[in-house]
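Reading the structure
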Amino acid sequence: MSSSSVLYDHPGPRARIRNAVLSVVFGVGLVGLLWWIYSKFDEAGQWEGRLWKPFTETATWTQFILPGLGATLQAAAVGMLLSLAFGLLFAVGRLSERRWISVPAGAIVEFFRAVPLLLMIFFVFYGVPFLIKGPVTAFWAVVIGLTLYNGSVLAEAFRAGVRSVPGGQSEAAYAIGMRKSQVMQLILLPQAARAMLPIIVSQLVVLLKDTALGYIVAYPELLQRSVNDLSANYGNIIAAAMVVAVIYIVINSLLTALAGWLERRTGSQRIRVPKQTRSRTVDSTPEGGATVSEPQG
Amino acid sequence: MDVFTDPTNIDAYVSGFLWILKLTGASAVFALVLGVLLAAMRVSPVPVLRGFGAAWVGTFRNTPLTLVIFFCYFGLYSTLGLSLSDDLNRNIYWLGVIGLSVYTAAFVCEAVRSGINTVPTGQAEAARAIGLSFAQTLRIVVLPQATRSVVAPFGSILIALCKNATIVGTIGLIEASSVMKDLLNSYGNAVIPIFLVFAGTFAAILIPTGYFFGWLANRLAVKR
Amino acid sequence: MRMKRVAAVAAATTLALGLAACGGDGDGGSSSSGAKGIVGKAEGQKKLVIGVKADQPGLGLQTGSKYEGFDIEIAKIVAKGLGVEEGNIEWKTTVSANREPFIQQGTVDLVVASYTINDERKQKINFAGPYFIAGQDLLVKADSTLAGPEGLDGKTVCSVTGSTPAKRIQSDYPKAKLQQFDSYSKCLPLLENGQVDAITTDDIILAGYAAQDQYAGKFKVVGKPFSEEPYGIGLKKDDKTGCEKVNDILKAAASDGSYKAAWDATLGKSGKAAPEMDTTKLTNCGSV
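As the structure is a computational prediction, the values presented were derived from the model and not from experiment.

**Side note on the interface of chain C and chain B**
Taken together, the contact between chain C and chain B spans eleven residues of the former and nine residues of the latter. It is strand 10 (residues 177-181) of chain C that provides the largest number of residues to the side of chain C that touches chain B, a total of four residues.

**What to know about the environment of B:Ser85**
Residue and element names in this part refer to chain B. For Ser85, the position within the fold is in the loop between helix 3 (65-79) and helix 4 (88-118). C-alpha of Ser85 to C-alpha of Leu95: the two residues are ten residues apart in sequence and 9.8 Å apart in space. If near-sequence neighbours (up to four positions away) are discounted, Ser85 is found in contact with Arg90, Asn91 and Trp94.

**What about the domain arrangement of chain C?**
Residue and element names in this part refer to chain C. Partitioning chain C into structural domains gives domain 1 (37-134 + 230-271) and domain 2 (136-221). Each of domain 1 and domain 2 has a C-alpha centre, and the two are 26 Å apart. Residue-level contacts link twelve residues of domain 1 with 13 residues of domain 2.

**Side note on the interface of chain B and chain A**
Each partner contributes to the interface: chain B provides 69 residues, whereas chain A provides 60 residues. Counting only elements with at least two residues in the side of chain B that touches chain A, the list comes to helix 2 (47-61), helix 3, helix 4, helix 5 (121-129), helix 6 (134-164), helix 7 (176-186) and helix 8 (191-220) of chain B. It is helix 8 of chain B that contributes the most residues to the side of chain B that touches chain A, 15 residues altogether. Residues of the side of chain B that touches chain A, tallied by class, amount to 40 nonpolar, 24 polar and five charged.

**Topic: the environment of B:Lys163**
Residues and elements named next belong to chain B. Topologically, Lys163 is positioned in helix 6. On the neighbour-count criterion, Lys163 (26 C-beta atoms within 10 Å) is buried. Sequence-wise, Lys163 and Ser177 are 14 residues apart; in three dimensions their C-alpha atoms are separated by 9.9 Å.

**Points about the nonpolar core**
Membership of the largest hydrophobic core comes to 160 residues, with the highest contact counts inside it found for A:Ile121 and A:Val142. For this core, the element with the most residues is helix 4 of chain B, which contributes 17 residues. Ignoring any residue separated from it by four or fewer positions in sequence, one finds A:Val142 in contact with A:Ala75, A:Ile121, A:Thr211, A:Gly214, A:Val217 and A:Tyr219. Within the second largest apolar cluster, 76 residues are counted, among which are C:Val49, C:Ile74, C:Ile103 and C:Ile199.

**Observations concerning the UniProt feature "transmembrane region" (unreviewed entry) in chain B**
All names here are of chain B. As recorded in UniProt, the sites labelled "transmembrane region" (unreviewed entry) are residues 20-41, 62-80, 92-112, 150-174 and 194-217. Counting secondary structure, residues 92-112 comes out at 100% helix and 0% strand; the distance between its end C-alpha atoms is 29 Å. As a span, residues 150-174 carries 60% helix and 0% strand, and end to end its C-alpha atoms are 33 Å apart.

**A closer look at the sheet that holds strand 11 (residues 198-202) of chain C**
Residue and element names in this part refer to chain C. Taking strand neighbours across the sheet as the criterion, the five strands line up as 10-9-11-8-12 in an open arrangement whose pairing is mixed. Edge strands, defined here as strands with exactly one partner in the open sheet, are strand 10 and strand 12 (219-221). Within this sheet the neighbouring strands show an average axis-to-axis angle of 30°, counted without direction. Two strands pair when backbone bridges link them, and strand 9 (residues 156-160) and strand 10 are joined in this way by five bridges, in the parallel orientation. Counted as the bridge partner of Ser159 is Gln180 from strand 10. In the packing of helix 6 (residues 164-172) onto the sheet, contacts are made with strand 8 (136-141), strand 9, strand 10 and strand 11, and the angle to strand 9 comes to roughly 145°.

**Let's talk about the UniProt feature "domain: ABC transmembrane type-1" (unreviewed entry) in chain B**
Look at the UniProt record and you will see "domain: ABC transmembrane type-1" (unreviewed entry) annotated at residues 17-208 of chain B. The span residues 17-208 of chain B carries 81% helix and 0% strand; its end-to-end C-alpha distance comes to 17 Å.

**Notes on the UniProt feature "domain: Solute-binding protein family 3/N-terminal" (unreviewed entry) in chain C**
Following the UniProt record, the feature "domain: Solute-binding protein family 3/N-terminal" (unreviewed entry) maps to residues 47-270 of chain C here. The span residues 47-270 of chain C is 32% helix and 30% strand, and its two end C-alpha atoms sit 33 Å from each other.

**Concerning helix 10 (residues 258-265) of chain C**
Residues and elements named next belong to chain C. Among all positions in helix 10, only Tyr259, Ala262 and Trp263 are buried. The buried side chains of helix 10 occupy one side of the element, clustering within an arc of 95° when seen end-on. Buried positions along helix 10 lie against helix 3 (70-81) and helix 9 (240-256).

**Some points on the packing of helix 9 (residues 222-234) of chain A against helix 10 (residues 237-265) of chain A**
Residue and element names in this part refer to chain A. Relative to each other, helix 9 and helix 10 sit at 160°, their axes nearing to 8 Å. The orientation of helix 9 relative to helix 10 falls into the category roughly antiparallel. Where helix 9 crosses over helix 10, the two elements pack in a sense that is right-handed. In contact with Leu222, Leu223, Ser226, Val227, Leu230 and Ser231 of helix 9, helix 10 contributes Ile237, Ala240, Ala241, Val243, Val244 and Ile247.

Thresholds, definitions, all that
- Note that residues are indexed from 1 along each chain, following the sequence as it is written.
- As a convention, the first chain written is A and the first ligand written is 1, with the rest following in written order.
- The predicted origin of the model limits local features to residues at a pLDDT of at least 70 and limits the giving and counting of side-chain atom pairs to 80 or more, whereas totals for whole chains, interfaces and linings rest on all residues.
- C-beta atoms are first placed from the backbone for all residues, and any pair lying within 7 Å is then listed as a contact.
- Strands are runs of DSSP state E lasting at least 2 residues, helices are runs of H or I lasting at least 4, and numbering of each runs from the N terminus.
- Domain ranges listed in this record stem from an automatic or a database domain assignment.
- Each residue receives one of three labels: charged for Asp, Glu, Lys and Arg, nonpolar for Ala, Val, Leu, Ile, Met, Phe, Trp, Tyr, Cys and Pro, and polar for the others, Gly being one of them.
- Buried, partly exposed and exposed are defined by the number of other C-beta atoms within 10 Å of a residue's own C-beta, namely 20 or more, between the two limits, and 12 or fewer respectively, with C-beta atoms placed from the backbone.
- Defined on buried residues, the nonpolar core groups Ala, Val, Leu, Ile, Met, Phe, Trp, Tyr and Cys residues joined through C-beta atoms within 7 Å.
- UniProt positions are given in the numbering used here, feature names are shortened, and annotations may be inferred rather than shown by experiment.
- When DSSP finds two or more bridges between two strands, those strands count as paired.
- Fitting a line to C-alpha atoms yields each axis, with helices limited to the stretch in contact; the angle taken between N-to-C directions then spans 0 to 180 degrees.
- Taken from the helix axis, the directions to the C-beta atoms give the arc we talk about.
- Comment on the angle field: the value is read as roughly parallel under 35 degrees, roughly antiparallel over 145, roughly perpendicular from 65 to 115, and oblique elsewhere.
- Two helices crossing with the near one rotated counterclockwise from the far one by less than a right angle form a left-handed crossing, whereas a clockwise rotation gives a right-handed crossing.

Pasting the structure below:
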């Protein structure tokens, strides 16, 4: 943050005037654009009271929005837990020295990171029932899709985390006679987990946003309950979408803030992989933001 | 495997992936331009610009892409009357490009900003000392170096963008994932091959892309 | 240092456990095995779980805490005939994509949700009914001159992705431009704003939308159905007894006036007279 101010001198009188002029010009343009959008929406009758009144009624919240939010959070919570387990398992698998473990684990992680979530949800929901000769609920279609994708992302993050623990640590542990599994459990994972906590929380934001795709298989989450079901009553599809967007932004901003706070608390240790040992940089984008900046749906 | 010998299915497969590639290509260009602009705003001396950049990132990074694309269709097109083509699919395509671009730009902006932060402060100080302005400092000294360190995150963003292009299917473009869904419903005896072909195509495009960016990042990395 | 690490791990664990607690109440609500079918369940537990649509005004619409519509009234008649009081019905929202799964896995006992009887579905589940014959039609603006599907050439028509009506437009009227969404409620603002020329699905569903307060006087149903969609009541494939019982209840409802009352209280409000239920067309419940 502070480095940005390094880019320019402390503004003198002329620069201050210039900045003020720029502020005003841009500000006026922005306000004009917003006003134009507002009046166009007004023309189309989008601000009419009848479209917004439902949101002042309790039933709208208790019957539509809150149950939807509950379903969203539930899918995100279960998905996160399973992703953590999946990520841990495959990170350890990929770090294994036995090639028959590390190669398949690596292939699976690479594969699921490259396949769009929507494809996985569709496959589980529409394809798997033919295989198991029975139905798959929308809930599990969403959760399994989320787990495979986010689990793979977390696996890579965990792997980078484990590798970020200085080599001397495991050498010392081996020197006092620990077995490999002990080194992993007692030395590497606890330190990696601590450094990974901010990434885990920001991945939760990604995961929470991705649950919105659940509506495509009719999982009764926030989008489905409001944009489809609520608007069927009042014809207020855009109003409903705006309310939902605000809910998402508030929750995700809180989570993002939490991630930032954790990052500062944990001593802002960034996961950095020693250059000579990394296979390719993409695995471990230098800033902890590797996963933060992954703009999945 | 009669699924993939039927010419209609092959056509659907090809056109589905062509839409994905076209969406990715156009959105990548717009998102890059917009993202760099936003990043410049976020580090600029003008408070309103900084605030605008921050608001943009805060909004789009925290909203599901599904909703962003939804607003492009129902807000820009249906309510504001912004029609980008008379052809139904072309119009959805451009609305999708807008949605993907504004969403992805938020991530590009953050990547560029953290890239700018990796450039040692001494560089910017030196630039200022020889009398370069903010724009010059950014353009001549900081961004060229930042570019090198943002290659890797750009790779991840491009890959995510390509995968996210499937979400344009939710406003009615018959792209790859919609094609796959239709085939799954029609050919219950071949669901695994169908999934493997579609997922495999994505993997075949995106895994090498990931390795390419990894290689490029290593090559361009600034030795410090 | 060590304390801090322990604290961090503990924090991670608590977070995880907290999330686990949230996720605990997964998918409850499904009935016990239901080996004796719905007749047995209705007698034993005096309860039924019925799957209905939540977004189809006039047929099945969730309004706040309750559901209303013609399908809902039919479901109440069936429940009553099985000896289950209205208060003991648990309504469950279904959408087109999950009706068969919900029946197969026992999430619901019955489905009354604008459910067209067809051979493909009959392979997975059993149908009682039909209690209504719908037909695919077009919903257009009140001042539109569109008179039927033949006039759709070059026009834009909105429907639900992969639905039977959408597929029929694609195969029979390929010159129409088809905009597809996941729900009809998304088509309505487009028709209102003029981005699509028509919405197509079963006439009875379209009539429900046209009759809604916010669209009063704006839309009309063309009134030239170009398909036949017999609506049935879905239940488990092996529940032949239950199916026959539901058919008996429908037969009785047709003669004692409760069927007409159900219509008059819902879709009939628009002034349309109650249809006659042709009880000779009731399904044979899967017997060959």
